[in-house]
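Remarks on the overall topology
Take a look at the letters that make up each chain.
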Amino acid sequence: MSVELIKKPITLDEMTKKESVQVIKERDLIVPDGKPDMQSVVQIDGRINMDQIDVTQDRVMYRGKVDLCILYRAVNNSKCIYTMKGSIPIEDFVIMDGVNRDQRVDFDYEIEHISNSILNERKLNVKVIMQVDVGATGSKDTTVITEVRADGPIQTREEPIEIVSLGHEKEEKVIVKEDLTIAQNKPCIGEILKSNMQIKEDQVKRTDNEIKFNGMIEVTTMYRVAESDEGIEIVTHRVPFEGSIENMKGENEVFWDCSLSVTPSYMQVAPDYDGEDRIIECECMVTANYNTYNKCSYDTVSDIYCPGKNVKTKEKSLDYMNLVDRIEITMPKKESMAIEDKPEDTMEVFSINVKPIVEEKSLVNDKLTLRGILEITTVFLVKSEENNTIDTAVNIVPFIQEMDVKKVPDKAYIAPVVRAKDVNIYAQTKRELVIEYLLDCMAEIYGQDRLNVLEEIDIDDMTKEQIDNYPSMTVYQVKKGDTLWSLAKRFNTTVKDIQDINDIDIPENLREGQKIIILKKVKF
């Protein structure tokens with residue numbers, strides 16, 4: 001008997017491997033020529049700029065730098081705050097057993113802590129502690145049998161499977177340039193001390209042909225007043241942006257995601273039409289990271305037999321990770337934070353950064369609960385009669401967020417992402433600061449599944465003795481777990497024959513204890 005196996009190729013994602021390391025980088029920075037000697041550091045912050053990520057066998061290599069902004073007081077003028085820039089080069093690697101260049105690698109990094117030590121009035125040692133998280137997801141290509149064609153009574157059982165995997169990944173960068181004007185009721189700019197950029201009121205929309213995004217960039221600038229060593233001002237501007245990514249929506253697309261971030265390129269002072277330094281030439285880069293998930297459905301042949309024939313099969317089992325559900329919820333929040341009571345001082349907020357940290361995740365029934373803390377860092381400009389200074393306050397606020405999950409696999413892997421958006425000051429007194437924001441919680445629910453795949457099928461004729469071993473007629477009492485398929489395969493007949501003899505219209509209606517007649521099939 002001739003047999004033809006119809007196969008289709010499929011790709012399965014392996015379970016994601018994760019590795020987290022702490023990296024310490026340090027460097028001695030020299031005060032630039034033209035800047036006064038350093039007496040004390042007022043504040044220091046940094047931003048990681050990663051230039052290159054390479055994947056080789058068993059390791060992920062990365063290269064970039066930490067850009068630093070240092071505010072300090074001078075030796076001969078302790079009332080005045082000066083700024084200097086510096087950078088620490090990064091070139092390192094993370095060891096991950098089994099990773100290779102064919103795998104998809106997610107690379108995340110952030111600054112955990114920055115410390116400094118003044119070596120002398122012209123030299124500063126800066127140490128940066130970084131947290132580096134690497135996730136590697138491999139894939140395996142295989143084939144599944146979707147149909148068996150033969151010139152005999154081949155009996156096949158089909159099992160539907162659905163595979164949801166990452167489809168397209170794209171990145172789009174939009175350059176935003178704007179001349180920011182200082183209002184006439186503010187003094188002219190002497191020197192920009194530091195700046196902060198945040199995306200607010202962002203909107204992302206998916207169409208059949210593209211993904212569109214827009215929003216506002218809030219630029220906050222702290223500068224030293226012209227013709228004054230002590231005066232410091234803070235100004236805020238809002239700059240609109242928009243962009244799009246061309247990407248046709250496929251019929252198999254089930255999920256999509258797009259995250260926006262902003263990175264400053266440069267800021268420099270320029271004169272206005274009157275020759276006064278009231279213009280800030282600003283350029284920044286908005287990056288949109290976009291990905292889609294596609295679902296493919298297959299009817300695979302999971303079992304096979306043939307009455308009157310000996311059927312031998314070769315199988316293999318494949319473990320894989322499958323995206324079951326992707327849920328997202330955005331909730332408005334309000335938090336109050338205590339600040340020091342300084343009645344003689346004027347306090348102005350420069351920036352507020354809310355960093356969510358997920359510490360616990362639990363999945364019970366159809367409810368996912370995320371628990372963690374919000375690390376809220378607030379930078380203040382404090383003005384007093386003696387001098388101006390910059391203070392940083394860190395508040396820790398716990399959070400709990402529940403999310404409804406539609407499908408819960410037996411073995412679930414949860415990948416949550418929590419972001420704080422649109423942070424604004426709601427109210428402020430000398431004792432308390434109240435902020436409002438949006439807490440954006442997203443979670444991907446993965447199932448750890450196993451796929452049993454038929455690889456080869458061999459069929460040969462039964463001998464007369466083998467056929468004679470089957471009884472001519474059997475009255476069988478259905479046991480728990482029996483199906484018409486298992487009984488037909490066991491007694492060398494077909495499901496249709498059992499249905500016709502016993503007037504069973506629906507195969508699934510087999511009842512425990514039911515008696516059915518099974519006749520020996522003699523013609524094949």
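Residues numbered from 1 in each chain as written. Predicted model: local features only at pLDDT ≥ 70, side-chain atom pairs only at ≥ 80, totals over all residues. Heavy atoms only, no water.

**Some remarks on the overall build of the protein chain**
Rule in force here: Each helix is a run of DSSP H or I of at least 4 residues and each strand a run of E of at least 2, with the numbering of both proceeding from the N terminus. With the radius of gyration taken over C-alpha atoms, the globule rule is written as 2.2 Å times the number of residues to the power 0.38. Exposure categories follow from relative accessible area, calculated using a 1.4 Å probe and restricted to protein chains: below 20% of the type maximum is buried, above 50% is exposed, and the middle band is partly exposed. Contacts were defined at the residue level, with two residues in contact if any of their heavy atoms lie within 4.5 Å. Under this rule, positive means Lys or Arg and negative means Asp or Glu; His and the chain ends count for nothing. To locate a charge, take atom NZ for lysine, CZ for arginine, CG for aspartate or CD for glutamate.
In terms of regular secondary structure, the protein chain is built from three helices and 22 strands. Computed over C-alpha atoms, the radius of gyration of the protein chain comes to 33 Å, more than 25% over the 24 Å expected from 2.2 N^0.38 for 524 residues, which places it beyond the range of a compact globule. Taking the principal axes of the C-alpha coordinates as reference, the protein chain spans close to 110 × 45 × 40 Å. Every one of the 524 residues in the protein chain was classed for burial, and the buried ones make up 42%. When contacts within the protein chain are restricted to residue pairs at least 6 apart in sequence, long-range pairs at least 24 apart make up 77% of them. Charge centroids of the protein chain, computed over 68 positive and 97 negative side chains, lie 5 Å from each other.

**Quick look at the state of the cysteines**
Spelled out, the test is: Disulfides are defined as pairs of cysteine sulfur atoms found within 2.5 Å of each other.
Counted by the stated rule, this structure contains zero disulfides. Just so you know, cysteine 284 is unpaired, no disulfide at all, and the nearest cysteine sulfur is the one on cysteine 282, 5.1 Å from it. Judged by relative accessible area, which is 2%, cysteine 284 ranks as buried.

**Quick look at the sheet that holds strand β17 (residues 367–383)**
Rules: Strand pairing requires that DSSP identify at least two bridges connecting the strands. Note on method: axes are straight lines fitted to C-alpha atoms, helices fitted across the in-contact stretch only, with angles between N-to-C directions ranging 0 to 180 degrees.
Strand order in this open sheet of three strands is β16-β17-β18, and the pairing throughout is antiparallel. The two strands at the open ends of the sheet, each matched to only one other strand, are β16 (346–364) and β18 (388–404). Pairwise comparison of adjacent strand axes, ignoring direction, gives a mean angle of 15° for this sheet.

**Notes on the environment of aspartate 422**
Condition: Whenever two N or O atoms come within 3.5 Å, that pair is a polar contact, provided that in protein one can donate a hydrogen and the other can accept it, and provided that, for residues adjacent in sequence, both atoms are side-chain atoms.
Take aspartate 422: it is sitting in strand β19 (residues 412–428). Here aspartate 422 falls in the buried class, since its relative accessible area comes to 19%. In this structure the C-alpha to C-alpha distance between aspartate 422 and lysine 200, which are 222 residues apart in sequence, comes to 5.0 Å. At 2.8 Å, the side chain of aspartate 422 and the backbone nitrogen of glutamate 201 are in polar contact.

**Thoughts on the side chain of glutamate 218**
Within the fold, glutamate 218 resides in strand β11 (residues 210–225). On the accessibility criterion, glutamate 218 (17% relative accessible area) is buried. Leaving out residues up to four positions away in the same chain, glutamate 218 has contacts with Asn196, Met197, Gln198, Lys200, Thr236, His237 and Arg238.

**Structural notes on a nonpolar patch on the surface**
Worth spelling out the cut-off: Here, patches come from residues exposed beyond 30% relative accessible area and free of salt bridges, joined within 9 Å for like charges and within 5 Å for nonpolar side chains (Val, Leu, Ile, Met, Phe, Trp, Tyr). Every accessible area reported is derived by Shrake-Rupley at a probe size of 1.4 Å, with residue values counting cover from the shown protein chains alone. Only one rule defines a salt bridge in this text: a Lys or Arg side-chain nitrogen within 4 Å of an Asp or Glu carboxyl oxygen.
Side chains of Met473, Val475, Ile501, Ile517 and Leu519 sit close together on the surface and give an oily, nonpolar patch of about 420 Å² of accessible area. Where the nonpolar patch is concerned, the elements lending two or more residues are β21 (473–477) and β22 (515–519). With respect to the helices and strands, methionine 473 occurs in strand β21.

**Section: the sheet that holds strand β5 (residues 81–95)**
The three strands lie next to each other as β3-β4-β5, forming an open sheet whose pairing is antiparallel. At either margin of the open sheet sits one strand with a lone partner, and together these are β3 (38–56) and β5. Taking each pair of neighbouring strands and ignoring which way they run, the sheet shows an average axis angle of 15°. In this sheet, strand β4 (residues 59–74) lies alongside β3 in antiparallel orientation, the contact comprising 16 bridges. Note on β4: the bridge partner recorded for methionine 50 is glycine 64.

**Section: the nonpolar core**
Note the following rule: Among buried residues, the Ala, Val, Leu, Ile, Met, Phe, Trp, Tyr and Cys ones that are joined through side-chain atoms within 4.5 Å form a nonpolar core.
Residues Tyr62, Val66, Leu68, Val126, Val128, Met130 and Val132 are the most contacted members of the largest nonpolar core, which totals 32 residues. Elements with a minimum of two residues in this core: β2 (17–30), β3, β4, β5, β6 (104–120) and β7 (123–137). When residues no more than four places from it in sequence are discounted, the contact partners of valine 66 are Arg47, Ile48, Gly86, Ser87, Ile88, Ile90, Ile111, Val128 and Met130.

**Considering the layout of surface pockets**
The method is simple in principle: a probe with the dimensions of a water molecule rolls over the atoms, and the space it marks as empty is what remains. As a reminder of what qualifies: The distinction between a cavity and a pocket rests on a 1 Å grid over the protein atoms alone: a 1.4 Å probe fits inside a cavity but cannot get out, while a pocket stays open yet meets protein on both sides within 12 Å along at least five of seven lines, and a residue with an atom within 4 Å of a point counts as lining. Grid points are joined across faces, edges and corners, and a volume is the space filled by probe spheres set on the points.
When its volume is computed, the second largest pocket comes out at roughly 370 Å³. Of all the secondary structure elements, the ones that give two or more residues to the lining of the second largest pocket are β9 (155–181), β13 (253–270), β15 (309–338) and β20 (432–461). No other element matches the five residues that β15 contributes to the lining of the second largest pocket.

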